[in-house]
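Coordinate analysis (summary)
Residue-level listing of the chains:
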Amino acid sequence: MKLQTILEHLEKQGIDVEFLGDSSHQVSQVSGLSEASPEHISFLSDTKRMGELEASQAGAVILKPEHRDITSTNRLLVSNPYYVYALTAQLLNPLNLEPGIHRKAVIDPSATIGESVSIGPNAVIGANVSIGDGVSIGAGTVIESGAQIGHRSYLAPNVTVMHDCVIGDDVRMESGCVIGGEGFGFANEKGEWHHIPQIGRVVIGDRVYIGNNSTINRGAINDTVIESNCIIDCLVQIGHNVKLGYGTAIASQAGIAGSTEIGQYCVLAGQAGVTGHVTIADQSHFGAKSGVTGHIREAGSYSGFPAVPTAEWQRTMVRMKGLTKMAQKVKRLESELEEIKSQLENN
Amino acid sequence: MKLQTILEHLEKQGIDVEFLGDSSHQVSQVSGLSEASPEHISFLSDTKRMGELEASQAGAVILKPEHRDITSTNRLLVSNPYYVYALTAQLLNPLNLEPGIHRKAVIDPSATIGESVSIGPNAVIGANVSIGDGVSIGAGTVIESGAQIGHRSYLAPNVTVMHDCVIGDDVRMESGCVIGGEGFGFANEKGEWHHIPQIGRVVIGDRVYIGNNSTINRGAINDTVIESNCIIDCLVQIGHNVKLGYGTAIASQAGIAGSTEIGQYCVLAGQAGVTGHVTIADQSHFGAKSGVTGHIREAGSYSGFPAVPTAEWQRTMVRMKGLTKMAQKVKRLESELEEIKSQLENN
Amino acid sequence: MKLQTILEHLEKQGIDVEFLGDSSHQVSQVSGLSEASPEHISFLSDTKRMGELEASQAGAVILKPEHRDITSTNRLLVSNPYYVYALTAQLLNPLNLEPGIHRKAVIDPSATIGESVSIGPNAVIGANVSIGDGVSIGAGTVIESGAQIGHRSYLAPNVTVMHDCVIGDDVRMESGCVIGGEGFGFANEKGEWHHIPQIGRVVIGDRVYIGNNSTINRGAINDTVIESNCIIDCLVQIGHNVKLGYGTAIASQAGIAGSTEIGQYCVLAGQAGVTGHVTIADQSHFGAKSGVTGHIREAGSYSGFPAVPTAEWQRTMVRMKGLTKMAQKVKRLESELEEIKSQLENN
């Protein structure tokens, strides 16, 4: 692909690019700076990699205007190189899914299938399911009755969407994720567990990403809601009636217990956990392995278990490292005090 | 459904109900107090919600006898409202699975299939499998050779049951769970890992619930055993040769390492872990993110890592928060002592 | 099977065995010492079980030369009994998979299938996939286009291998695992998440084991690499561009964030986590629930969060338990000091 084609694509996306070099140069793929050859386009977003840029064989580089003079290769100067790299990589790597319904897919006659849809072998589409235009559904994926899938969404192989759940447009769901499994709702009577049918749904907005083997449970009465622009990594658990605010990101193996409401633009790092029935303020960030045990009223960075403001947690960690020294000090104080006491008694 | 029908159903279940109101009133669904309209039946189990009860539009409410005068709507007075709510929700939301074997299911001719069984498209039933009456098996679910499924059990789509495992009656298994995968058993010889064939099975009792993407490994030699009335949330790992006692509940993302025996009526909260080869007393409760590193001999509540009695853990957490203050105190003591020493020397 | 047959098999594997007893004795299965009957072969590797050995009904026992006189049953004396037990169990429990492609498997005509391959019902093999000799692919397993599976590898039911990934020889992949799902790569522009196509692959060596529902993400640009002889338990997450060195073992629910390089012969215990973009020295061992927040330069045992050398972590844990005592000491010191001060003033 000519750099000119990339530049035109970026312009259509509203990107402000200053280009230096030969726009007729051809690139075929993105690459890291150090592995790149002339048919690759690369990027510099981290100044630590400036040495790699100087030595790079890349045919073109996306970088910030202030780094324009570090290289003399073809340059795209933009304010957010990593974002422009993402757009370029998307352009060079379209999902090559031929529309068409595989003859081994099992589709209920009452389902509504949009235009230009790709459905893989052994996919199962239940009664009254609605599938938007340009949707891709992988092999072995099961969509139960009454579920709705918005336009251009991609469901990898072996995904499960349970009955009546609603998936927005441009959603990407990776293999093994399960949307709309029963919430963990039981009443206990004399030691016996009685299951409470979960009659809510999962409702997912637009441009949401859900990683491998993550599980989002359906609501007990009302719906579990994932707002648009949320990204969820692998092996994440989201309990029944959780609400995830717009733009929130959740890293791998984190979990959110039932009925908790997470605000907008929050971040949970890996293996973090949030207890049930709490409310988390917009723009709250939680460190890896943190455990949130109560409401979070203010935006900020939180860490540890129970989670506290990160600065406080770091101080506590430093104090913990110093415990042995402190114990020694206390011991010395005790013996010195004993000495003084005996000295005073002898006076 | 008339309230009268619900009352008769509850009576058959042995529930003692005092009813106040019009039993010919019709309700179609359960609902939360604040969202309910006259065609809904709701419940009050938490006194914090009494304000919601007063304002509720619910056509009927399940509540404790002592709250009979808070509302004048149709009332079912019972000792455990949440339990009666569960039974009512089950009655109003039966699993609507039409019996029948989908023509795209793959069933080995040697399998034994009970009465009124529902088997979805692309389900695979292996040789010598035995399926009880009233069982439902979802699309894409695989049951390997020799496995047994008890009566009325429900297997969601894309479940996997490995060879020779035994599942009891009225078990509910959610999508993506895997029963009877190999245990993690390897012998190491000069740095090379040698797999040990896991010849035990997984044996699951009656009325067990297993959530999405949870994994229960088969035994190395003897069986992994899940006793009846256990409930297991999503993304839970249960290692080989584990025994889970009657009525135990395990929340999401918790894990139990191999050969550990958990007693009856235990609770593991989210992201908790129990090490291998230990025995846990009946009625032991473990807090979120706790890590159990040894035997637990006495019923009680345990928290932290390594897990200790919760009261002790809470005291330690308070002490940790106070570390900075303590360090300041020690520093002050040191300087005061120095002063006293110099004072004594100068005398 | 006659013990003689087992002895001949072990000799072929290069094992040095001294046999005492009747090699014409027949055994049919392995067993634990206490459950064994004469048709079983058992082993003693842990001296704690010597009492069980004395009482055992086993028809033969594998044990160390120094324990030769504890029993008079048929004995195989070897330097590593657990390893020899593994080889014996493998011999007595071969995978009984009849070669053959099920008529309900869906195989793209461009795929290359080796000799003596077993492919289950509803397995899906994509375009240009290459499958080695003696491979077994379970029901419902999906292998996307361009992927390569080495000789004698076993894929359980409902596994997913995404496009272009490379799996070595003698690999064992358990149900629900997903190889080559998208890595969690997004560029953020003004609060909107933009997905970065992950163009790397997952490349897995020989003799690798991957447990149920584990997820190994494909690389962003370069590949995610799992070297030979690695073993990975259930529900493990391995992020994009991670490199796992030869012989490394990862227990259940552990996670490794993107671009981290783990050395050879490392061990991660259950629920451990390693942050992204760090390098871990060969032969580093990490305790359960540990959290590694930086590079690890030296082999050794590490624990806690943030992970520190295990001895240091244990000291800190002891100090934490002693915090209440230390606080009491400090309080006593304060009051004693006050007393001394007033005494001095009164002088």
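Criteria and thresholds
- Residues numbered from 1 in each chain as written.
- Chains lettered and ligands numbered in written order.
- Predicted model: local features only at pLDDT ≥ 70, side-chain atom pairs only at ≥ 80, totals over all residues.
- Heavy atoms only, no water.
- UniProt positions renumbered as here; feature names shortened; annotations may be inferred.
- Helix = DSSP H or I, 4+ residues; strand = E, 2+ residues; numbered from the N terminus.
- Rg over C-alpha atoms; globule rule 2.2 N^0.38 Å.
- Buried < 20%, exposed > 50% of the residue type's maximum accessible area, 1.4 Å probe, protein only.
- Contact = heavy atoms within 4.5 Å.
- Areas by Shrake-Rupley, 256 points an atom, 1.4 Å probe, with all protein chains shown as cover.
- Least-squares fit on C-alpha atoms with pLDDT ≥ 70 in both.
- Buried area = accessible area lost by both parts, 1.4 Å probe.
- Salt bridge = Lys/Arg side-chain N within 4 Å of Asp/Glu carboxyl O.
- Polar contact = N/O pair within 3.5 Å; in protein donor to acceptor, adjacent residues only side chain to side chain.
- Nonpolar A, V, L, I, M, F, W, Y, C, P; charged D, E, K, R; others polar.
- Pairing = 2+ DSSP bridges.

Identification of chain A as UDP-3-O-acylglucosamine N-acyltransferase from Hydrogenovibrio thermophilus is taken from an unreviewed UniProt entry. Checking UniProt for chain A, the heading Pathway (unreviewed entry) contains the comment "Bacterial outer membrane biogenesis; LPS lipid A biosynthesis." Per UniProt, chain A carries the Sequence similarities (unreviewed entry) text "Belongs to the transferase hexapeptide repeat family. LpxD subfamily."

Along the backbone of chain A there are five helices and 38 strands. The C-alpha radius of gyration of chain A comes to 27 Å, more than 25% above the 20 Å expected for a compact globule of 347 residues. Dimensions along the principal axes, computed over C-alpha positions, put chain A at roughly 100 × 70 × 30 Å. For chain A, the proportion of its 347 residues judged to be buried stands at 57%. A separation threshold of at least 6 residues defines the contact pool for chain A, and within that pool the share at least 24 residues apart is 18%. Total accessible area on chain A is roughly 13,800 Å²; 47% of this is exposed by carbon and sulfur atoms.

A few words on the relation of the copies chain C and chain A. Both copies of the chain are placed relative to one another by a rotation about an axis and a shift along it. Of the two same-sequence chains, chain C is brought onto chain A (RMSD 0.1 Å, axial shift 0.1 Å) by a rotation of 120°. In short, the pair behaves as if placed about a three-fold rotation axis.

Of the residues lining the interface, 65 residues belong to chain C; the matching set on chain A comes to 63 residues. A buried area of about 5,100 Å², summed over both sides, lies between chain C and chain A, and 64% of it is on carbon and sulfur atoms. Ranking the residues of chain C by area buried against chain A places F184(C), W193(C) and F305(C) at the top, with a combined share of 13%. Here chain C is connected to chain A by five salt bridges. Applying the counting rule to chain C against chain A returns 25 residue pairs in polar contact (both at pLDDT 80 or more). Secondary structure elements with two or more residues in the side of chain C that touches chain A: β19 (178-181), β20 (186-189), β21 (192-195), β24 (215-217), α4 (310-321) and α5 (323-346) of chain C. If one sorts the elements of the side of chain C that touches chain A by residue count, α5(C) sits on top with 11 residues. Split by residue class, the side of chain C that touches chain A holds 30 nonpolar, 25 polar and 10 charged.

Residue and element names in this part refer to chain A. Judged by pairing direction, the sheet is mixed, and its five strands sit side by side in the order β1-β5-β4-β3-β2 without closing on themselves. Unpaired on one side and paired on the other, β1 (18-20) and β2 (29-30) mark the two borders of the sheet. Bridging between β2 and strand β3 (residues 40-43) involves two bridges; their strand directions are parallel. Within β3, the residue paired with V30 across the bridge is I41.

Attention now moves to the pattern of salt bridges. Scanning the entire structure with this criterion turns up 39 salt bridges over all chains. For the salt bridge of E227(B) with K243(B), the shortest nitrogen-to-oxygen distance reads 3.6 Å. Of this pair, E227(B) sits in the loop between β25 (224-226) and β26 (231-232) while K243(B) sits in strand β28 (residues 243-244), and the two are 16 residues apart along the sequence. Taking the shortest distance from any N to any O, the salt bridge between E52(C) and R49(C) comes out at 2.9 Å.

Quick look at the UniProt feature "active site" (unreviewed entry) in chain A now. All names here are of chain A. As annotated in UniProt, the feature "active site" (unreviewed entry) corresponds to H240 in the numbering used here. Along the chain, H240 turns up in the loop between β27 (237-238) and β28 (243-244). On the basis of relative accessibility, which here comes to 16%, the residue H240 falls in the buried class. Apart from residues lying up to four places away in sequence, H240 is in contact with G183, F184, G185, Q198, N217, R218, G219, A220, T224, G258 and S259. Side-chain polar atoms of H240 contact the side chain of Q198, separated by 2.6 Å.

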